[in-house]
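Fold and contact review
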Amino acid sequence: MVKKRLSFSSENAKNTLKEGKATSKEDMLEMCPDDSSLYIAEVDGPTTPSRVDTSLTTKDVEPDFNEKQVKADPNCTSKSEEKEPDIPSGKPSHLCDHESPTSEQCNTMSSDAEVARRAQEEGLVKVVFPGQVTMEGSCRFVTDIIKLILYHRQQLPMTYDQLMRDQKKSQETIQDKDGVGQRSVKHADIDRRRQQKVLQDLEELMQQLEVLFSLSKVPRVLLLLGGTVVLPTEMFEINMEGLSLASGDHCLRVSACLRKLFRTIFVADFLLDAKPVRLMSTTVLVLAHRDCGLEWFRPKLQFKIPTRIKHKVIALSTKDGSGDQEWDDYVWFQAPVPIKGFSH
């Protein structure tokens, strides 16, 4: 369909209609009463240029709106006048800024895939720190991993920190009501007392681990869930034989190491299990020097790591670390109090 606006004088329009030389399609003209202008209505076929009245002048044809807009805007240029921006030889300029992040993202995705594959097939997660860490930092790694494993293996209904805040709020509420803390503990429900007992045992374990790390290096820590010490239901190992320890400001920050540690564990995704887990007791064993002077932990001189069960290992090491220290004088020590799982 073609629509054009043509302007004629009224006299020329009458003469054109009287001549009758136009075809039936050209006779489909409507007279506009205000300005005596004619509009060509719907035309089914192509229009022959010779049949258009030659009395029209360029003044009478109204310019197209787009043409006016283009002329009014000096910044607009026609397609023929547009020039492609000059691109230097080699890689395009818009890719240069994003080349490095894309490469880093690809390396990260490849590394994460390898971590997940090794965790699923071998039950091993390796975390390599770029520098030395402190003895206090290695103790923090162990305590936070223990809390994480207990929570993800459904032995705690909430994280350790959330349980501590919940217990504090409940104690404040009971004291406000009764005014006597001991009386409120005696009349607490079973779940509340069980939660309090588990948190007390965990807190004591954390404190004794701090004492242990101040007396001796701890290359390995075992968490035995369920069953017995000889044949547990599940077993997790924290291996720190390749960890280089030092002291001073040149050591890595503990917070940065923890972020790297937990990110790697979450990427590996080997703490979660689709099968439901029942409540169990967790026994903690540590490998320390036989003459470190421990009192709370009990020595287990005849203990051997169970081999009939596949255990999962979190191996912490330092980049370019030696890791060749002899552990002949180190023996296993067992925590006297197991951590019993509970749920609300």
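In case you missed it, the structure is sitting above this.
Residues numbered from 1 in each chain as written. Predicted model: local features only at pLDDT ≥ 70, side-chain atom pairs only at ≥ 80, totals over all residues. Heavy atoms only, no water.

1. Looking at the nonpolar core
Formally: Each nonpolar core is a collection of buried residues, namely Ala, Val, Leu, Ile, Met, Phe, Trp, Tyr and Cys, held together in the definition by side-chain atoms within 4.5 Å. Here the term buried applies to any residue with accessible area under 20% of the maximum for its type, exposed to any over 50%, and partly exposed to those in between, with areas from a 1.4 Å probe on protein chains only. The criterion used for residue contact is that any of the two residues' heavy atoms lie within 4.5 Å.
With 57 residues, the main nonpolar core has Phe-297 and Leu-316 as its most contacted residues. Excluding residues that lie within four positions of it along the chain, Leu-316 makes contacts with Val-127, Phe-129, Phe-141, Ile-238, Asn-239, Met-240, Gly-242, Leu-243 and Leu-261. Judged by nonpolar contacts, the second largest core, of ten residues, contains Met-235, Leu-285, Phe-303 and Ile-309.

2. Let's talk about the pairing of strand E5 (residues 220-225)
The side chains of a regular strand alternate between the sheet's two faces. Put simply, the rule reads: Numbering of helices and strands starts at the N terminus; helices are DSSP runs of H or I of at least 4 residues and strands are runs of E of at least 2. Paired strands, as defined in this entry, are two strands with at least two bridges between them according to DSSP.
Counted residue by residue, E5 has six buried out of six residues, so it is predominantly covered. Alternating positions in E5 separate into two faces, Arg-220, Leu-222 and Leu-224 on one and Val-221, Leu-223 and Leu-225 on the other, with burial throughout. Taken together, the six bridges between E5 and strand E6 (residues 234-242) define a ladder with antiparallel strand orientation. If you follow Leu-223 over to E6, its bridge partner there is Phe-236.

3. Concerning helix H4 (residues 135-152)
Along an α-helix, residues three or four positions apart point the same way, because every turn accommodates 3.6 residues. We count it as follows: Expected span of a helix, by definition, is 1.5 Å for each gap between consecutive residues, and there is one gap fewer than residues.
Taking 1.5 Å of rise per residue, 18 residues should cover 26 Å, and H4 covers 26 Å from first to last C-alpha, within 8% of that figure. Downstream of H4 by one or two residues, Gln-154 has phi in the positive range, about 60°.

4. Digging into the environment of Arg-278
Mapping Arg-278 onto the fold places it in the loop between helix H8 (254-268) and strand E7 (281-289). Classification of Arg-278 by relative accessible area gives exposed; the value is 54%. It is 9.5 Å that separates the C-alpha atoms of Arg-278 and Phe-342, two residues lying 64 residues apart in sequence. For Arg-278, the contacting residues outside a window of four places in its chain are Gln-155 and Thr-233.

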